[in-house]
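Below, each chain spelled out in residue letters.
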Amino acid sequence: QVQLVESGGGLVQAGGSLRLSCAYSGRTFSSYAMGWFRQAPGKEREFVAGISWSGGMTYYAESVKGRFTISRDNAKNTVYLQMNSLKPEDTAVYYCARATTVQALTAYTNWGQGTQVTVSS
């Protein structure tokens, strides 16, 4: 039984900020890597950021590096994505996912339902 629930999405003007949260439940979540993906209309799902189970290793897509920050609080069973300096091209549905390793995209096997992020010009 795996549950991942994203929240924090919404409408924001370009240059603004949003903080996404992913609350997860189930067993052994503290031992899994977590990540954020996004999918814009008409486009394939793309990797945004990932974090190892301990939080010591993070990875970012080049398009968001320097603007987005992924973090996690295992005590609260939550992973976050702080998004700053948002651009209209960041508009997408953002998904939280769980992986056995942060170093392989194919390792992400559990997904949340997604939260919509819309950035207006």
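Notes on the structure follow. (Residues numbered from 1 in each chain as written. Predicted model: local features only at pLDDT ≥ 70, side-chain atom pairs only at ≥ 80, totals over all residues. Heavy atoms only, no water.)

### A closer look at the pattern of salt bridges
What counts is decided by this rule: Salt bridge criterion: a side-chain nitrogen from Lys or Arg within 4 Å of a carboxyl oxygen from Asp or Glu. By the criteria applied, helices consist of DSSP H or I runs no shorter than four residues and strands consist of E runs no shorter than two, each listed in order from the N terminus. With a 1.4 Å probe rolled over the protein chains alone, any residue whose accessible area is under 20% of its type maximum counts as buried; one over 50% counts as exposed, and the rest are partly exposed.
A complete count under the given rule lists three salt bridges for this structure. The partner of Asp-90 in a salt bridge is Arg-38, and the shortest N-O contact between them spans 2.9 Å. With a gap of 52 residues between them, Asp-90 in the loop between strand E8 (78-83) and strand E9 (92-99) and Arg-38 in strand E4 (residues 33-39) connect regions that are remote in the sequence. The burial state of Asp-90 is the same as that of Arg-38; both residues are buried. In this structure, Arg-67 and Asp-90 form a salt bridge, with 2.7 Å as the shortest nitrogen-oxygen distance. Taken as a pair, Arg-67 in the loop between strand E6 (58-60) and strand E7 (68-73) and Asp-90 in the loop between E8 and E9 lie far apart in primary sequence, 23 residues in all. Accessibility classification places Arg-67 together with Asp-90 in one group, the buried group. Through salt bridges that share partners, Arg-38, Glu-46, Arg-67 and Asp-90 make up one connected network.

### A word on the sheet that holds E8
As a reminder, the rule being used: Pairs of strands are assigned from DSSP output, requiring at least two bridges between the strands. Only C-alpha atoms enter the line fits that serve as axes; for helices the fit covers just the stretch in contact. Angles between N-to-C directions range over 0 to 180 degrees.
Taken in spatial order, the four strands make up an open sheet running E1-E3-E8-E7, and their pairing is antiparallel. Because the sheet does not close on itself, it has two edges, and the strands there are strand E1 (3-7) and E7. Taken pair by pair, the neighbouring strands of this sheet meet at an average axis angle of 15°, ignoring direction. With six bridges joining them, E7 and E8 adopt antiparallel strand pairing. For Ile-70, the partnering residue across the bridge sits in E8 and is Leu-81.

### Quick word on the nonpolar core
Applied cut-off: Here, nonpolar core means buried Ala, Val, Leu, Ile, Met, Phe, Trp, Tyr and Cys residues that are tied together by side-chain atoms lying within 4.5 Å of each other. Working rule for contacts: check all heavy atoms of both residues, and any pair within 4.5 Å makes them a contact.
Ranked by internal contacts, the top residues of the largest apolar core, which has 25 residues, are Trp-36, Leu-81, Met-83 and Tyr-94. Of all the secondary structure elements, the ones that give two or more residues to this core are strand E3 (18-25), E4, strand E5 (46-51), E7, E8, E9 and strand E11 (115-120). It is E3 that contributes the most residues to this core, four residues altogether. Residues within four places of Met-83 in sequence aside, it is in contact with Gly-16, Ser-17, Leu-18, Leu-20, Arg-67, Phe-68, Tyr-94 and Val-117. Ala-33, Val-102, Ala-107 and Tyr-108 belong to the second-largest nonpolar core, a separate cluster that totals eight residues.

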